[in-house]
Amino acid sequence: MTTQSPGTPLPPPKERRRLREHASLTQAQLAARLGVSRETVRAWEAGRTTPQGRRGEAYAKLLATLADPPTPAPEHASRSRPNARTTAPRPEDRTPSNSTTARSPAVGSSAGSSALDSPAAAQTPAQAFDALYAHCAPSLIRQAYLLTGRRELARESVEQAFQIAWHRWPEVAVDPDPAGWVRAMAHEYALSPWHQFRPRFRNPEPPPAIPADRALMDVLLSLPPSYRRTLLLYDGIGLGLPETAAETEASTPATASRLLHAREAVVARLPDLAAPGLLHRRLAEVASAERLRAARPAVVRMGGERRARLWTRAAITFTVALISVTVLALYTAPTRYQPPVPPGRTVPGVPPRAAPGPLSDTELALRTKLRALPHGPQRLTPELR
């Protein structure tokens, strides 16, 4: 195996990113020159992985070229001696056929922030958010549908992720991969176990109409959520194994084990999907067969702002009520110590209170005589003297 040449040492991760930004290159452009995916370049610059072999040698040479750019030749010399090397495109400038961007956009690679990395005129935060939403929302809804099997939950997950991104836009705008940031939020919201307690999601939605698509969705939904997400990121979107592990917050061996078990489960029930590229194509076909429309960016932004205002008002109301109750308690509380009243106890030597007993014979005869009178006894009137 070819190892990295000692003559072209690889700089630290932070220096790699600085050299790329100094040369005004995006991660997608650098990945196209090296023949790798944009997520791989992002992992190299983050220090999660280290390039080895021929790719590591090409990466080191390219960074060395960016650090010490060659002196441009005189203009008259280039005109007098045309060279085929300068006129023909270099092989590394061509986008490789096995890159992530060459895959079908039905599931969506979410590779990048092309809407934010483009050297266009300066955009307002709302315009940048709308561009990111228009670029990523359709593919993210299809990904969320493959994870949950619910169309309404898929749209809700993507809208919720973008609303959170709008609330934290200063952080998302400077993130190296805004699309990956939103994708992670959408996947986590879609796979939240709390949705099963919501009344609107207790009953399953109608499955796909095509039997083959229905069989594939049944297999996907039978997998554990972590396996399902790993399979979608690796085989559906096309991320590398280190990038998949980083996004699912798992180690690389654990991610590889999840991927292998997920593939085995799919092949056990659908033997036709044993080919490496066939599963990606089938996932794209199942996702694109459903009519999953995303809301307009302005609606998502305004909905997020409206929800933020409601939560803010609710928090203010709760705080005011808590302060009012505290002030009332302080105002009505006693200012000095009041000893509690001791409980009652029996005093010895005092006879207990006697209850009325039965009537005597004389009392019974009097009661009988009084009851025998038709109108009761005569009323006594005072005599005048």
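Residues numbered from 1 in each chain as written. Predicted model: local features only at pLDDT ≥ 70, side-chain atom pairs only at ≥ 80, totals over all residues. Heavy atoms only, no water.

> Which residues make up the overall build of the chain, and what values go with them?
In terms of helices and strands, the chain carries 18 helices and zero strands. Counting all 385 residues of the chain, 35% fall into the buried class. Looking at the chain as shown, the accessible area adds up to about 25000 Å², and 59% of this sits on carbon and sulfur atoms. (Helix = DSSP H or I, 4+ residues; strand = E, 2+ residues; numbered from the N terminus. Buried < 20%, exposed > 50% of the residue type's maximum accessible area, 1.4 Å probe, protein only. Areas by Shrake-Rupley, 256 points an atom, 1.4 Å probe, with all protein chains shown as cover.)

> Could you give me a rundown of the confidence of the model for the chain, with the residues and numbers involved?
It should be kept in mind that the predicted coordinates are not to be read in detail where pLDDT is low. Per-residue pLDDT for the chain has a mean of 80; in total, 81% of the residues score no lower than 70. Contacts for the low-pLDDT stretch residues 1-6, under 50 throughout, to residues beyond four places or in other chains number nine contacts. In the model, residues 117-121 has pLDDT below 50 throughout and makes two contacts with residues more than four positions away in sequence or in other chains. (pLDDT = per-residue confidence, 0-100. Contact = heavy atoms within 4.5 Å.)

> Explain the packing of aromatic side chains residue by residue, including any values.
Using the criterion set out here, one finds eight aromatic pairs in the structure. Aromatic side chains Trp44 and Tyr59 sit 4.8 Å apart centroid to centroid with 35 degrees between the ring planes, which places their arrangement in the tilted category. Placement of the pair is Trp44 in helix α3 (residues 38-46) and Tyr59 in helix α4 (residues 53-67), with a sequence separation of 15 residues. When sorted by exposure, Trp44 lands in the same class as Tyr59, which is buried. Seen from their ring centres, Phe129 and Phe162 are 5.9 Å apart, and the 85 degrees between their planes marks the pair as edge-to-face. Of the two residues, Phe129 sits in helix α8 (residues 125-148) while Phe162 sits in helix α9 (residues 151-167), which places them 33 residues apart along the sequence. Given a relative accessible area of 0%, Phe162 falls into the buried group. (Phe/Tyr/Trp six-rings, centres within 6.5 Å; stacked < 30°, edge-to-face > 60°.)

> Break down unusual backbone geometry for me, citing the residues and quoting the values.
Not every positive phi belongs to a glycine, and Glu249 is a case in point at roughly 55 degrees. Turning to its location among the elements, Glu249 is positioned in the loop between α14 (241-247) and α15 (252-269).

> Give me the lowdown on the packing of α8 against helix α11 (residues 178-190), citing residues and values where you can.
Following both chains from N to C, one finds α8 and α11 inclined at 30 degrees, their axes separated by 10 Å at the closest point. As the angle between them shows, α8 and α11 are arranged roughly parallel. Here the hand of the crossing between α8 and α11 comes out right-handed. Here Leu132, Cys136, Leu140, Gln143, Ala144, Leu147 and Thr148 of α8 come into contact with α11, specifically with Pro178, Ala179, Val182, Arg183, His187 and Ala190. (Axes fitted to C-alpha atoms, helices over the stretch in contact; angles between N-to-C directions. Parallel < 35°, antiparallel > 145°, perpendicular 65-115°, else oblique. Left-handed = near helix turned anticlockwise from the far one by under 90°.)

> Describe the pattern of salt bridges, with residues and values.
For the coordinates displayed, the defined rule picks out 16 salt bridges. A salt bridge links Asp177 to Arg42; its shortest N-O distance comes to 3.3 Å. Residue Asp177 is found in the loop between α10 (169-173) and α11, and its partner Arg42 is found in helix α3; the two are separated by 135 residues along the sequence. Just as Asp177 is buried, Arg42 falls in that class too. In the salt-bridge network here, residues are joined through shared partners; they are Asp213, Arg281, Arg282 and Glu285. (Salt bridge = Lys/Arg side-chain N within 4 Å of Asp/Glu carboxyl O.)

> Give a description of helix α2 (residues 27-34) that names residues and reports values.
Looking only at α2, the buried set comprises Gln27, Leu30, Ala31, Ala32 and Leu34. Buried-residue contacts for α2 involve α1 (13-22), α3 and α4.

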